[in-house]
Amino acid sequence: PPAAAPSASAAAAAAAAAVAAAAPAAAARFAPPSTGQEFLRAWRRQCKTAADRFEYLRVIEPEELPSLFRAELDAAVFDQIVDAVRAQALAAPPLAHAGWVARLLRAIGQVNRFDLTLDLADAKALAALGEIFDALQAPAADAAAAAAAATAEEEARPDAAAVAALRAQYKL
């Protein structure tokens, strides 16, 4: 008899496991930057795709971003960060890194002159932020997908109040 197709839950769990397994590879490929200049050099030279950029971002503790970008975060780099997060974090399973994404967005909002960065951000980046916030706020599709995502990142999904605070911080 033909084998049954894997369920959506099984597919989500397998995708989450693949994401978790990719984390050590990112650490081997990229080293966390110690300065904003190091970040920008690696960002421009080694991060040519959204997947590369997301992989690089994952080796950085989000709370380090305000110290990396002491003066400001260039709006073009901000746009690329948002694009990478949207492209990778909204992939299957949707927002497997929800806790980390929320920490990243919270930390970016703490960078000096963030309001100017936001004012200069591209309309596409702002629309992508809306998609990310919608995904952060949406409940996991099913319990198995939520468990797989939680196992993959070991960070709690932000609650509705935390997402609302992020939306306010980003003026969305």
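All of the points below concern the structure found in this document. (Residues numbered from 1 in each chain as written. Predicted model: local features only at pLDDT ≥ 70, side-chain atom pairs only at ≥ 80, totals over all residues. Heavy atoms only, no water.)

**Examining the pattern of salt bridges**
- Per the stated rule, a full pass over the model turns up eight salt bridges.
- For the salt bridge of Glu-61 with Arg-103, the shortest nitrogen-to-oxygen distance reads 2.6 Å. With a gap of 42 residues between them, Glu-61 in the loop between α3 (50-58) and α4 (65-68) and Arg-103 in helix α6 (residues 98-108) connect regions that are remote in the sequence.
- When its relative accessible area of 49% is taken as the criterion, Glu-61 is described as partly exposed.
- A salt bridge links Asp-83 to Arg-86; its shortest N-O distance comes to 3.2 Å. Note that Asp-83 and Arg-86 are positioned in helix α5 (residues 75-89) at a spacing of three residues, about one turn of the helix.
- Looking at Arg-86, the relative accessible area reads 27%, which means it is partly exposed.
- Here the salt bridges do not stand alone but share partners, grouping Arg-29, Asp-52 and Glu-55 into one network. (Salt bridge = Lys/Arg side-chain N within 4 Å of Asp/Glu carboxyl O. Helix = DSSP H or I, 4+ residues; strand = E, 2+ residues; numbered from the N terminus. Buried < 20%, exposed > 50% of the residue type's maximum accessible area, 1.4 Å probe, protein only.)

**What about α6?**
- For α6, the tally of buried residues reaches 10 of 11 residues, placing the bulk of the element in the interior.
- Taken together, the buried positions of α6 are occupied by Ala-98, Gly-99, Trp-100, Val-101, Ala-102, Arg-103, Leu-104, Leu-105, Ala-107 and Ile-108.

**Digging into the environment of Val-163**
- Structurally, Val-163 is set in helix α10 (residues 160-169).
- Taking the C-alpha atoms as reference, Val-163 lies 8.7 Å from Asp-134; in sequence the two are 29 residues apart.
- Once residues within four sequence positions are removed from consideration, Val-163 is found in contact with Phe-133, Leu-136, Gln-137 and Pro-158. (Contact = heavy atoms within 4.5 Å.)

**Some remarks on the packing of aromatic side chains**
- This structure, assessed with the given rule, holds 10 aromatic pairs.
- The structure contains a cluster of three or more aromatic residues connected by ring pairs, namely Phe-30, Phe-39, Trp-43, Tyr-56 and Phe-69.
- The side chain of Arg-58 reaches across the aromatic face of Trp-100, ending 4.7 Å from its centre. (Phe/Tyr/Trp six-rings, centres within 6.5 Å; stacked < 30°, edge-to-face > 60°. Lys NZ or Arg CZ within 6 Å of the ring centre and 35° of its normal.)

**Comments concerning the environment of Glu-72**
- Within the secondary structure, Glu-72 sits in the loop between α4 and α5.
- It is 8.6 Å that separates the C-alpha atoms of Glu-72 and Leu-116, two residues lying 44 residues apart in sequence.
- Once residues lying within four places of it in the same chain are set aside, the contact partners of Glu-72 are Val-111, Asn-112, Arg-113 and Leu-116.

**Concerning the environment of Ser-67**
- Locating Ser-67 in the fold gives a position in helix α4.
- Note on Ser-67: relative accessible area 34%, which makes it partly exposed.
- Sequence spacing of Ser-67 and Gln-110 is 43 residues, and the spatial spacing of their C-alpha atoms is 9.5 Å.

In short, geometric facts, not functional conclusions.
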